[in-house]
Amino acid sequence: MDKKRVLSGIRATGRLHLGNYLGAVKGMLELQKNPEYETFYMVADLHSITTPFDPEQLRRNIKEVVLDYLSAGLDPEKSTIFVQSHVREHTELAYLFSTVETVARMQHLPTFKEKVKQHPENVTMALLNYPILMAADILVYKAEAVPVGIDQEPHLEISREIARKMNEKYGLDFPEPQRFATKGESVPSLSGEGKMSKSVEGSYINLTDTQDEIKKKIRAVPTSSNVGGEMSPGVKTLFKLLELFAPEDVSKYSTDYKNGTLKFVVLKDYLSEAIFKELQPIQKKRQEIQADPEYVEKVLKMGQAKATNVASKVLSQTKKEMGLL
Ligand code: AMP
């Protein structure tokens with residue numbers, strides 16, 4: 001039986017944080033391990049330019065994401081690891097897909113409205129087209145599973161809609177891709193308000209943060225002075241992170257909380273230790289990989305070739321059915 005394909009990607013807007021790691025990378029690793037799946041993992045550089053960016057910084061960020069991928073355990077022997085813009089078929093298919101979606105549908109997406117609020121001076125066509133390019137990223141491999149955080153669900157709905165429309169109109173056989181969810185599909189911000197995000201300073205912990213930095217950031221999570229009652233958003237964040245990094249200890253700390261005996265500083269320092277314990281081997285591996293820059297180049301070249309091989313066939317099939325070939 002043919003393997004089911006998987007596609008995921010992360011924008012090159014900086015180093016990965018715990019939200020990316022728990023919501024996306026952990027799912028990517030799980031599917032990479034599963035022999036029933038063929039995994040394609042990209043650095044979404046074209047999605048990074050839908051919001052304001054600096055070219056030199058972008059060039060560096062692309063490498064940072066690849067380093068984070070490899071050090072977190074993505075394996076070029078098992079997964080196709082590549083940069084989105086290196087496989088031109090993504091953008092060509094996105095253009096073909098844009099013929100079956102309406103402007104009104106794109107304008108009403110919650111993610112689009114949120115970005116318009118964040119960058120009112122930068123409401124570009126590329127921003128509006130983001131979900132269409134994402135549909136092409138996935139469907140150019142006919143991928144069925146997409147390990148991404150819960151915030152991406154409205155975009156996946158667009159991908160399914162486009163697959164259905166293309167199949168109905170042109171007799172194609174695109175699958176309707178489903179999100180592959182992890183336990184950390186929605187990691188809260190360290191401030192307790194909203195989600196952990198690269199664009200909100202003070203909300204995140206990077207995979208490369210030192211033990212001291214982690215400790216400082218966790219200590220700064222706001223906690224209410226009364227222990228025992230309804231949990232404040234900051235306290236909920238601490239317990240959510242505890243559940244993700246040390247699930248075996250949740251019941252002990254919850255009992256202490258309910259009994260009114262919990263000392264937040266004890267919980268915070270314990271949590272920092274647990275987070276660092278998981279990140280330490282990743283950071284060690286990063287140093288090894290960083291020492292050999294040619295290795296990263298080799299991985300990306302190999303990834304580009306493997307990804308293009310699949311993507312070019314799907315694009316040709318689509319163009320044929322649309323009367324373009
Ligand atoms: P982005 O940095 O927006 O390109 O996101 C890359 C991946 O990380 C996507 O799959 C997101 O859904 C996921 N992600 C980002 N922030 C979080 C978060 N706070 N919790 C869970 N997943 C997240």
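Coordinates for the structure precede this section.
A brief structural summary. It should be emphasised that the depicted structure is a prediction, and the values quoted were computed from it without experimental measurement. Note that residues are indexed from 1 along each chain, following the sequence as it is written. Whole-chain, interface and lining totals are the exception, using all residues; otherwise, since this is a predicted model, local features are given only for residues with pLDDT of at least 70 and side-chain atom pairs are given and counted only at 80 or more. Water and hydrogen atoms were dropped before computing side-chain values, which therefore reflect all heavy atoms in the structure.

**Quick notes on the side chain of Ser-71**
Line of reasoning, step 1. Along the chain, the position of Ser-71 falls in helix H3 (residues 55-72).
Line of reasoning, step 2. Working rule for contacts: check all heavy atoms of both residues, and any pair within 4.5 Å makes them a contact. Apart from the residues within four sequence positions on either side, Ser-71 is in contact with Ile-282, Lys-285, Arg-286 and Ile-289. The helix count covers DSSP runs of H or I at least four residues long, the strand count covers runs of E at least two residues long, and both are numbered beginning at the N terminus.

**Some words on the packing of aromatic side chains**
Line of reasoning, step 1. Aromatic rings from Phe, Tyr and Trp, taking only the six-membered ring of Trp, are treated as a pair when their centres fall within 6.5 Å; an angle between ring planes under 30 degrees marks them as stacked, one over 60 as edge-to-face, and anything in between as tilted. A complete count under the given rule lists 6 aromatic pairs for this structure.
Line of reasoning, step 2. Here Phe-40 and Tyr-141 contribute two aromatic rings whose centre-to-centre distance is 4.6 Å and whose plane-to-plane angle is 25°, an arrangement assigned as stacked. Residue Phe-40 is located in strand S2 (residues 37-44), and its partner Tyr-141 is located in the loop between helix H7 (125-139) and strand S4 (145-146); the two are separated by 101 residues in the primary sequence. Tyr-141 shares its class with Phe-40; the two are buried.
Line of reasoning, step 3. Pairing Tyr-257 with Phe-264 gives two aromatic rings, centres 6.4 Å apart and planes at 50°, and the pair type is tilted. Here Tyr-257 matches Phe-264 in class, with each residue buried.
Line of reasoning, step 4. Here a set of aromatic residues connected by ring pairs shows up, and it is made of Phe-40, Phe-82 and Tyr-141. Buried, partly exposed and exposed residues are distinguished by accessible area as a fraction of the type maximum, computed with a 1.4 Å probe on protein chains only: under 20%, between the cut-offs, and over 50%, respectively.

**Some words on the pattern of salt bridges**
Line of reasoning, step 1. Any Lys or Arg side-chain nitrogen located within 4 Å of an Asp or Glu carboxyl oxygen qualifies as a salt bridge. Taken as a whole and judged by the stated rule, the model has 25 salt bridges.
Line of reasoning, step 2. Here Glu-153 and Arg-160 are joined by a salt bridge, their closest N and O atoms 2.9 Å apart.
Line of reasoning, step 3. On the accessibility criterion, Glu-153 (27% relative accessible area) is partly exposed.
Line of reasoning, step 4. Here the salt bridges do not stand alone but share partners, grouping Glu-153, Glu-157, Arg-160, Arg-164, Glu-176, Arg-179 and Glu-185 into one network.

**Considering the site of the ligand**
Line of reasoning, step 1. Around the ligand lies a shell of 18 residues, among which Arg-11, Gly-149, Asp-151, Val-187 and Met-196 are the nearest.
Line of reasoning, step 2. Any N or O atom pair separated by 3.5 Å or less is treated as a polar contact, with the protein-specific requirement of one donor-capable and one acceptor-capable atom, and with residues adjacent in sequence counted only for side-chain atom pairs. A distance of 3.0 Å separates an oxygen atom of the ligand from a polar atom in the side chain of Asn-20.
Line of reasoning, step 3. Within the backbone of Met-196, a nitrogen or oxygen atom sits 2.9 Å from a nitrogen atom of the ligand.
Line of reasoning, step 4. A total of 480 Å² of accessible area belongs to the ligand in isolation, and the protein chains cover 94% of it. Being near a molecule or strand, for a residue, means having at least one of its heavy atoms within 4 Å of it. Computed with a 1.4 Å probe, the accessible areas rest on the Shrake-Rupley method; for each residue, only the protein chains presented here act as cover.

Bear in mind that shape data such as this cannot, by itself, settle questions of function.
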